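# Close look at the chain arrangement
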Amino acid sequence: MHKKTAHELNKLLAKKESSSQELTTAVFAHLEKVEPKIQAFVTVTKEEALKQAKAADERLKNNDNVTPLTGIPIAIKDNMCTKGILTTCSSKILSNYKPPYDATVVEKLKAAGAVVVGKTNLDEFAMGSSTENSGLHKTYNPWDLNCVPGGSSGGSAAAVAANEAVMATGSDTGGSIRQPAAFCGVVGLKPTYGLVSRYGLVAFASSLDQIGPLTKDVTDTAIMLNVLAGHDKKDSTSVDRPVPDYQKSLVNDIKNLRIGIIKELLGEGIEPKVKESIQQTMKKFEELGAKIMEVSLPTFAYAVATYYLIAPAEASSNLGRYDGVKYGQRSPNSPDLLTMYNNTRAEGFGPEVKRRILIGTYALSAGYYDAFYLKALKVRTVIKNDFERAFQNCDLLLSPTTTSAAFKVGEKSNDPLAMYLSDIATIPVNLAGLPAISLPCGFIDNLPIGLQLIGKAFAEETLLRAAFTYEQNTDWHKRKPSII
Ligand code: GLN
């Protein structure tokens, strides 16, 4: 039962062929078997989950406000606040932090009747691409335990791929939903900036962060997005516009859809086998009736450098609040306040977080602000304009999600630049605030690879339709890791 998707399980629950309590028990039985190997979770909330499952069963029994997520076991990335439940951001500095409130997305998922099985591991404060930067422990790729699951939502992607949860939330600042989705062979969607509330998401880089779904297939992504999307007055960046029913976009038809292939993402730095898969994917889309054209986005080359000024600048400011007074851990035995601040931050933050704070503080400091931060903001606008130009002639853009399949644990952990470059296909999308989805499109030596589709702002429906059509006409999503 734990292997099924939410839409399959919803049918079973609706027909009373199974109960949420049975399902949740089955998910935990499986989770307890595989979790010692995968280590996707920071906190498992079995007791609360079984209570929520019982409440969901009541709802199902009385047909009381039943939604497609009622009774479905899900996981939450550990940078989203959960009332009374540890929310660590996989950082030592927050290792004892229990928020007094739920993030809006958590509140909405709970209100829909979803059952929260636990909180998933991430790179500390979502800074990284492999989950190796977690201050707590590493997570391993269900397809090959010697490989990373990607990051920063590596715990969520691995949990879904290994059937430890039916679906999970992720957050994406520069690729953190899509890249782990690609590495773990699941579907991940980064919504348009402003579509989903970030209230209660621990901020990393506020002009880039978005929350989105990680699921076993495209249908489940639409189902979860239906719950996540929408205006929230508690998040001033959330946009007040009507939310469509995304399940209605799940139509197996892309005739005459114009898809632009990003030339810059099929050249240097992309592994030949990834290119081959993308070329086959293009053929498939053509066969299905799409019109394929090549597009060039020449400013892509500057995206990673731009991101590594803007994201750390915002992070250095956002992380100023961890001072040992307001949240989380405090270093004991400091003789005075300033030493206490210093010790708390020196002991609480890991090396990657410190690196980002240093880069960000430098880029924002007087004398360097104009040369670095302001320049990066200008380049960001140029990148956005590049996308706008490309979208004059096409409805969607297509690229690989990553340059390779999942890499080995330890392979890039001592080389931050190599790690940063693993996000060249995903980062430009965040800089422009656009929506993008990653879904399985092939394998290299039994490791999944992902296809990225990028849409115009708030064009999630087109993205989902194209992704659904591709999925319905291919078998990649049916291949599963042997560990499940
Ligand atoms: N890998 C990128 C980084 O390290 C993106 C992370 C993210 O999207 N949260 O910043």
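Note that this is a predicted model, so its numbers are computed, not measured. (Residues numbered from 1 in each chain as written. Predicted model: local features only at pLDDT ≥ 70, side-chain atom pairs only at ≥ 80, totals over all residues. Heavy atoms only, no water.)

What the protein contains, in helices and strands, is 15 helices and eleven strands. Its C-alpha atoms give the protein a radius of gyration of 21 Å, within 12% of the compact-globule value 23 Å for 484 residues. Relative to its 484 residues, the protein shows a buried fraction of 60%. For the protein, long-range pairs separated by at least 24 residues make up 76% of all intrachain contacts whose partners lie at least 6 apart in sequence. In the structure as shown, the protein presents an accessible area of about 18200 Å², 52% of it carried by carbon and sulfur atoms. Taken as two groups, the 55 positive and 51 negative side-chain charges of the protein have centres that lie 2 Å from each other. (Helix = DSSP H or I, 4+ residues; strand = E, 2+ residues; numbered from the N terminus. Rg over C-alpha atoms; globule rule 2.2 N^0.38 Å. Buried < 20%, exposed > 50% of the residue type's maximum accessible area, 1.4 Å probe, protein only. Contact = heavy atoms within 4.5 Å. Areas by Shrake-Rupley, 256 points an atom, 1.4 Å probe, with all protein chains shown as cover. Lys, Arg positive; Asp, Glu negative; His and termini not counted. Charge placed at Lys NZ, Arg CZ, Asp CG, Glu CD.)

Further remarks concern the site of the ligand. Residues in contact with the ligand amount to 15 residues; listed here are only the nearest, Thr-173, Gly-174, Ser-176, Tyr-307 and Asp-423. At 2.8 Å, a backbone N or O of Ala-126 approaches a nitrogen atom of the ligand. With respect to the detected pockets, the ligand is housed in the largest cavity. When its residues are assigned to classes, the shell around the ligand shows five nonpolar, seven polar and three charged. (Near = heavy atom within 4 Å. Polar contact = N/O pair within 3.5 Å; in protein donor to acceptor, adjacent residues only side chain to side chain. 1 Å grid on protein atoms, 1.4 Å probe; cavity = no way out; pocket = protein on both sides within 12 Å on 5 of 7 lines; lining within 4 Å. Sits in = over half its atoms within 2 Å of the grid points. Nonpolar A, V, L, I, M, F, W, Y, C, P; charged D, E, K, R; others polar.)

Cis rather than trans, the peptide bond between Gly-151 and Ser-152 has omega equal to 10 degrees. Inspection of the secondary structure puts Ser-152 in the loop between β3 (115-120) and α5 (154-161). Even without being glycine, Phe-125 reaches a positive phi, approximately 55 degrees. In this fold, Phe-125 is placed in the loop between β3 and α5. The class of Phe-125 is buried, set by a relative accessible area of 2%. Located in the positive-phi region is Asn-446, a residue other than glycine, with phi close to 65 degrees. Note that Asn-446 resides in the loop between β10 (436-444) and β11 (447-455).

Here we come to the environment of Phe-407. When you line up the elements, Phe-407 lands in the loop between β9 (396-400) and α13 (416-421). By relative accessible area, Phe-407 is classed as buried at 3%. Between the C-alpha atoms of Phe-407 and Glu-460, which are 53 residues apart in sequence, the distance is 30 Å. For Phe-407, the contacting residues outside a window of four places in its chain are Ser-129, Ser-130, Glu-132, Cys-147, Val-148, Gln-179, Phe-183, Lys-412 and Met-419.

A separate point is helix α8 (residues 272-287). If you check α8, its first and last C-alpha atoms are 23 Å apart, about what 16 residues at 1.5 Å a residue would give, namely 22 Å. Within α8, the full set of buried residues consists of Val-274, Ser-277, Ile-278, Thr-281, Met-282 and Phe-285. Down the axis of α8, the buried side of the element spans an arc of 145 degrees, and every buried residue falls inside it. Facing away from the buried side of α8 by over 90 degrees, the exposed positions are Pro-272, Lys-283 and Glu-287. Those residues of α8 that are buried are in contact with β7 (258-262), β8 (291-295), β9, β10, β11 and α15 (460-472). Two residues or fewer after α8 comes Gly-289, characterised by a positive phi angle close to 105 degrees. (Expected span 1.5 Å × (residues − 1). Arc of directions from axis to C-beta.)

This part takes up empty space enclosed by the protein. Where empty space is left can be seen by rolling a probe of water-molecule size over the atoms. In total, this model carries two cavities of 30 Å³ or more according to the counting rule given. Reported here for the largest cavity is a volume of approximately 60 Å³. Around the largest cavity, the lining is made up of 13 residues, and of these Gly-128, Ser-129, Ser-176, Tyr-307 and Asp-423 lie nearest the centre. Its residues assigned to classes, the lining of the largest cavity shows five nonpolar, six polar and two charged. As a volume, the second largest cavity reaches approximately 50 Å³. Lining the second largest cavity are Trp-143, Val-160, Ala-161, Cys-184, Gly-185, Val-186, Lys-216, Arg-479, Lys-480 and Pro-481. (Points joined across faces, edges and corners; volume = space filled by probe spheres on them.)

Next up on the list: the packing of aromatic side chains. Under the defined criterion, the tally for this structure stands at 17 aromatic pairs. Between Phe-183 and Phe-407, the aromatic rings sit 5.7 Å apart at their centres with planes inclined by 90 degrees, giving edge-to-face as the arrangement. Pair noted here: Phe-183 is in helix α6 (residues 178-184) and Phe-407 is in the loop between β9 and α13, with a separation of 224 residues, a long-range link. Summarising the aromatic geometry, the rings of Tyr-308 and Tyr-420 are spaced 3.8 Å apart at their centres and angled 10 degrees between planes, so their arrangement reads as stacked. Linking Tyr-308 in helix α9 (residues 303-318) with Tyr-420 in helix α13, this pair joins segments that are 112 residues apart in sequence. The two residues Tyr-308 and Tyr-420 agree in class, both being buried. Positioned over the ring face of Phe-458 is Arg-241, at 4.1 Å from the centre of the ring. Directly above the aromatic system of Phe-443 lies the positively charged group of Arg-479, at a separation of 3.7 Å from the ring centroid. (Phe/Tyr/Trp six-rings, centres within 6.5 Å; stacked < 30°, edge-to-face > 60°. Lys NZ or Arg CZ within 6 Å of the ring centre and 35° of its normal.)

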